[in-house]
There are 2 protein chains.
Amino acid sequence: MNTEPRTLPGFMELLPNEQILFEQMKQKIEKAYQRFGFLPLDTPVLELSEVLLTKSGGETEKQIYRFNKGDTDISMRFDLTVPLAKYVAKNYGNLSFPFRRYQIGKVYRGERAQKGRFREFYQCDIDIIGDGELDIVNDAEIPSVIYTIFKDLGFDDFTICMNNRKILNGIFESLNQKENATSILRIIDKIAKIGKEKVEKELQELGLNQKQIMQVMEFIAIEGSTDEKIEKLQKLEIKNEVFQTGLEELKQVVKYIRLFGVPDINFKIDLTIARGLDYYTGTVYETFLNDYPEIGSVCSGGRYENLAGYYTDKKLPGVGISIGLTRLFYKLNEMELIKATKYSMADILIIPMVEDLSKPIELASNLRKAGISTEVYLNDKKLKTKLKYADKLKIPYVIVIGEDEIQSNQLKVKNMQTGNETQTTFEIEEIIKQIGS
Amino acid sequence: MNTEPRTLPGFMELLPNEQILFEQMKQKIEKAYQRFGFLPLDTPVLELSEVLLTKSGGETEKQIYRFNKGDTDISMRFDLTVPLAKYVAKNYGNLSFPFRRYQIGKVYRGERAQKGRFREFYQCDIDIIGDGELDIVNDAEIPSVIYTIFKDLGFDDFTICMNNRKILNGIFESLNQKENATSILRIIDKIAKIGKEKVEKELQELGLNQKQIMQVMEFIAIEGSTDEKIEKLQKLEIKNEVFQTGLEELKQVVKYIRLFGVPDINFKIDLTIARGLDYYTGTVYETFLNDYPEIGSVCSGGRYENLAGYYTDKKLPGVGISIGLTRLFYKLNEMELIKATKYSMADILIIPMVEDLSKPIELASNLRKAGISTEVYLNDKKLKTKLKYADKLKIPYVIVIGEDEIQSNQLKVKNMQTGNETQTTFEIEEIIKQIGS
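A brief structural summary.

Rules used in this analysis
Residues numbered from 1 in each chain as written. Chains lettered and ligands numbered in written order. Predicted model: local features only at pLDDT ≥ 70, side-chain atom pairs only at ≥ 80, totals over all residues. Heavy atoms only, no water. Least-squares fit on C-alpha atoms with pLDDT ≥ 70 in both. Contact = heavy atoms within 4.5 Å. Buried area = accessible area lost by both parts, 1.4 Å probe. Salt bridge = Lys/Arg side-chain N within 4 Å of Asp/Glu carboxyl O. Polar contact = N/O pair within 3.5 Å; in protein donor to acceptor, adjacent residues only side chain to side chain. Helix = DSSP H or I, 4+ residues; strand = E, 2+ residues; numbered from the N terminus. Expected span 1.5 Å × (residues − 1). Buried < 20%, exposed > 50% of the residue type's maximum accessible area, 1.4 Å probe, protein only. Lys, Arg positive; Asp, Glu negative; His and termini not counted. Pairing = 2+ DSSP bridges. Axes fitted to C-alpha atoms, helices over the stretch in contact; angles between N-to-C directions. 1 Å grid on protein atoms, 1.4 Å probe; cavity = no way out; pocket = protein on both sides within 12 Å on 5 of 7 lines; lining within 4 Å. Points joined across faces, edges and corners; volume = space filled by probe spheres on them. Patch = residues over 30% accessible without salt bridge, like charges linked within 9 Å, V, L, I, M, F, W, Y side chains within 5 Å. Areas by Shrake-Rupley, 256 points an atom, 1.4 Å probe, with all protein chains shown as cover. Charge placed at Lys NZ, Arg CZ, Asp CG, Glu CD. Parallel < 35°, antiparallel > 145°, perpendicular 65-115°, else oblique. Left-handed = near helix turned anticlockwise from the far one by under 90°. Nonpolar A, V, L, I, M, F, W, Y, C, P; charged D, E, K, R; others polar. Phe/Tyr/Trp six-rings, centres within 6.5 Å; stacked < 30°, edge-to-face > 60°. Lys NZ or Arg CZ within 6 Å of the ring centre and 35° of its normal.

Comparison of the two chain copies shows a relationship of rotation about an axis with a shift along it. Of the transformation placing chain A onto chain B, the axial shift is 0.0 Å and the rotation is 180°, giving an RMSD of 0.1 Å. Both copies are brought into coincidence by an operation consistent with a two-fold rotation axis. Using C-alpha coordinates, one finds that chain A approaches the rotation axis most closely at Phe67 of chain A, a distance of 3.0 Å. Interface overlap between copies is the fraction of interface residues in one copy that are interface residues in the other; for chain A against chain B it reaches 100%, indicating a shared surface.

Each partner contributes residues to the interface: chain A has 100 residues there, and chain B has 100 residues. When chain A packs against chain B, close to 8800 Å² is buried across both sides, 57% of that on carbon and sulfur atoms. On the surface where chain A and chain B come into contact, there are 14 salt bridges. Linking Glu13 of chain A and Lys86 of chain B is a salt bridge whose minimum nitrogen-to-oxygen distance equals 2.8 Å. Linking chain A with chain B are 42 residue pairs in polar contact (both at pLDDT 80 or more), by the criterion used here. In terms of residues, the side of chain A that touches chain B owes the most to one element, helix H1 (residues 16–35) of chain A, which gives 8 residues.

The terminal C-alpha atoms of helix H14 (residues 358–369) of chain B lie 17 Å apart, and with 12 residues this matches the ideal 16 Å at 1.5 Å per residue to within 8%. Among the residues making up H14 of chain B, those that are buried are Ser358, Pro360, Ile361, Leu363, Ala364, Ser365, Leu367 and Arg368 of chain B.

This part covers the environment of Asp73 of chain A. Residues and elements named next belong to chain A. Summarising the element assignment, Asp73 is placed in strand E4 (residues 72–76). As a C-alpha pair, Asp73 and Arg186 span 113 residues in sequence and 34 Å in three-dimensional space. If near-sequence neighbours (up to four positions away) are discounted, Asp73 is found in contact with Glu47, Leu48, Ser49, Arg66, Phe67 and Asn68. At 2.6 Å, the side chain of Asp73 forms a polar contact with the side chain of Ser49. A distance of 2.6 Å separates a polar atom in the side chain of Asp73 from a polar atom in the side chain of Arg66.

The next point concerns the side chain of Asp125 of chain A. Residues and elements named next belong to chain A. Along the chain, the position of Asp125 falls in strand E6 (residues 120–129). Buried charge without a salt bridge: Asp125, with Arg101 as the nearest opposite-charge side chain at an N-O distance of 4.2 Å. Excluding anything up to four places from it in sequence, Asp125 contacts Tyr33, Leu80, Thr81, Arg101, Tyr102, Gln103, Ile321, Ser322 and Ile323.

The subject of this paragraph is the sheet that holds strand E8 (residues 267–269) of chain B. All names here are of chain B. The 8 strands are arranged E1-E5-E6-E11-E10-E9-E7-E8 in an open sheet whose pairing can be described as mixed. The open sheet is flanked by strand E1 (39–40) and E8, the only strands paired with a single partner. Two strands pair when backbone bridges link them, and E1 and strand E5 (residues 99–108) are joined in this way by 2 bridges, in the parallel orientation. Each residue of the ladder has a partner; that of Leu39, found in E5, is Arg101.

Residue and element names in this part refer to chain B. The strand order across the open sheet built from 5 strands is E13-E12-E14-E15-E16, with neighbouring strands paired in mixed fashion. Among the strands making up the open sheet, the edge pair consists of strand E13 (374–376) and strand E16 (421–425). Sheet twist, expressed as the average angle between the axes of neighbouring strands with direction ignored, equals 25°. Sitting on the sheet, helix H17 (residues 428–435) is in contact with strand E12 (348–352), strand E14 (397–401), strand E15 (410–415) and E16, with an inclination near 160° to E16.

This part takes up empty space enclosed by the protein. Tallied over the full model, the rule gives 2 cavities of 30 Å³ or more. Looking at the largest cavity, the residues that line it are Asp42 of chain A together with Phe11, Met12, Glu13, Leu14, Gln19, Phe22, Lys106, Glu120, Phe121, Tyr122 and Thr326 of chain B. Counting only elements with at least two residues in the lining of the largest cavity, the list comes to helix H1 (16–35) and strand E6 (120–129) of chain B. Counting residues per element, the lining of the largest cavity draws most heavily on E6 of chain B, which supplies 3 residues.

Residue and element names in this part refer to chain A. Among the surface-exposed residues, Lys382, Lys384, Lys388 and Lys392 lie close enough to one another that they form a single positively charged patch. Here Lys384 lies in helix H15 (residues 383–392). The exposure class assigned to Lys384 is exposed, which follows from its relative accessible area of 72%.

The next thing to look at is the packing of helix H11 (residues 226–235) of chain A against helix H12 (residues 241–259) of chain A. Residue and element names in this part refer to chain A. Where H11 contacts H12, the two axes come as close as 11 Å, and the packing angle between them is 165°. Compared by their axis directions, H11 and H12 come out roughly antiparallel. Seen along the crossing, H11 lies across H12 with a hand that is left-handed. Here Thr226, Asp227, Ile230, Leu233 and Gln234 of H11 come into contact with H12, specifically with Phe243, Leu247, Leu250, Lys251, Val254 and Arg258. Counted by class, the contact of H11 with H12 contains 6 nonpolar, 2 polar and 3 charged residues.

The relation between two aromatic rings is expressed through the spacing of the ring centres and the mutual angle of the planes. Under the definition given, this model contains 29 aromatic pairs over all chains. Centroid distance Phe22 of chain A to Tyr122 of chain A: 5.4 Å. Interplanar angle 50°. Geometry classified as tilted. In this pair, Phe22 of chain A sits in helix H1 while Tyr122 of chain A sits in strand E6, placing the two residues 100 residues apart along the sequence. Phe22 of chain A gets classed as buried once you look at its relative accessible area, which sits at 2%. For Tyr122 of chain A, a relative accessible area of 12% puts it in the buried group. Ring centres of Tyr65 of chain A and Phe67 of chain B lie 6.1 Å apart, and the angle between their planes is 65°; on these two criteria the pair is classed as edge-to-face. Placement of Tyr65 of chain A in the loop between helix H3 (58–63) and strand E3 (66–69) and of Phe67 of chain B in strand E3 (residues 66–69) is noted, with the two residues assigned to different chains. Residue Tyr65 of chain A is classed as buried on the basis of its relative accessible area of 2%. When its relative accessible area of 6% is taken as the criterion, Phe67 of chain B is described as buried. The structure contains a cluster of three or more aromatic residues connected by ring pairs, namely Tyr65 and Phe67 of chain A together with Tyr65 and Phe67 of chain B. The ring of Phe38 of chain B carries the charged tip of Arg100 of chain B above its face, separated from the ring centre by 4.4 Å.

Structure follows, in structure tokens:
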């Protein structure tokens, strides 16, 4: 009896046409990272549990794929940040700082399986790590990478939302709510989901008085253009050092983000964004496709004080972002929001209709040498079957080679989309002209 | 106290310069696969143990990373062939045959750790799967892919060694040693390692008489050019159907491999090659770098009767190869046999020596728009430190921008290798001319 060939739930496995689309998307992201000079990194999927599980307990720990092999306690990575921290601490002496790396790889989280949630998924990360210090202007370069990527993916109407954690922390300090900062952040972070009234109610439950609640709500309700928001923040005249530092940083980021070529329509200050409550300490980012808010943030990240405190006493501040590619692809594909630049790997299918395959194979070899992806249909089938194959694989051009073609040294290049056929010779350059690449 | 940042033994983790080299190697292999029209495939690293572990027991099973998550018995893939079998059986109705796919991904084997042996390593596979049948000419296309790859990797002196399992099986049948075929194959497969005499001794121990041993040794000693070997095989006049089928297949493969553009110096018939004892049924390949036989075969594979018998009753013959990239990279890098086409991701480092970063950042954005990988040194350091950074990262060109450059609208493009500086303007096209890309 056969075993049923099945794939674990929550693990994406695509058919060829979709895989081609996925690969193109991945490549666009990678090319953008490279254009900004980020260095490639590849770390193991498996790490010692002791090394990987730096933060104790919580939801994350429950999701980890963890097991013993012999005496070794091993875990599968659940993000690319902890492996980066380990890598930088381990190789500190051999790296040049600022260390700018990208990593595109699979990570693993044993979440409850549900539609659109994946247990194995690609993260596409960049981080810039400083040795002891890292200038604020780096925080402005990151959004320009995000901007480049989503433009390259074919989107125009997206917004990179930014905030600075120091602004939030400073506000709470000035309200004498420093000890409640984390809780307040958690509450206002939910405003898009639960609404203004529920936020007020939760703040009250936390112990804030009416005046304090009003000040918090007034703060997060600040509206207007980017420059107007900055002006209004200044006019709050909050005499708190942390707040003023955060505001100064935000101003710098806004100044430089424009110089990096990100237009004002593609970024904004959003004072409700807090992100991961402990990790980030300065600038934070979230990115939304404006017509599809239901997808949620498609690219998030921020600035952190210290990457690798768990492994080293060196202070390593950094700033970075992550794109959850698998989920993003799944959503965009489901909503038909992405198109492949081409849907087949081969540009030309050569269909031999002769016993002796010499001529067709020779032609394919020559086309490949000229850089044209070429496939030869190598099985003995009827012409109709062979053409159907080209059609199903969406191969754009077909050349049928029979006795006539070989005798006359003339062949026809068939455009499979239009059905048009153009006559030419076996000359490679002539054929390349016909397919226009 | 800090946790020591360490990586599991047997897991490769490279420094940036080496990672760049690795990525280039991987990309050359992928591009070659694509030029032959192979479709990309990505399957999960994790599979149900019941689905993955189709073959019972043995060394492989012991090496598997296998664990339970909840009630699910999960294993990490140990090759890309079993996942392919599962995929083709599962998606049979949605695939076009012949199904030509490539897959480049990590696989896992918990082997005893030793130098140059990896527990996580990349395999780069191609396979051509037929539906019911697959023409022998496909077996000749595979070596032409191998040839393309090793040429692209910069090698000239390599040999693709081929044999046909049917020739071997036929010989043994004709010697009335059919039941010993597997054992004989295993013995002669070792001839390169243990030598002729030990092979003879082992054959004797197996129960072959002197005449039979002589015939086996005579057979595997067949020498000469490819055509001479074929001629000598024909002259053996072995009246065995399996042998004759194998010989006919080998003749076809040799005929077409030449048409596919593989020169005679890069392939040969090697009658001692048997490979995986159960799996392969026809053509088999191994590839050697002639000056470095100690590396062993750098690319191996062959023809099999039936890919997915464990999952489906459909007969799915195929032919394919695998490159163990991680080990190959490790060896070539250790022996300094590969060079990067470039060692940095950035083509240009822009070094600002001004307070206001507007002009340097604007220049970087414009260069990136023109497709030039550009990095701006964004931290406030001395010029010497910034130049050292470019040097360490092997960034080929540097542009320093100070007040003078901005005032005069003139800048210098410095070639970091030659030390030459050429004067030009902020015009992107002019700068691109200077760096010659």
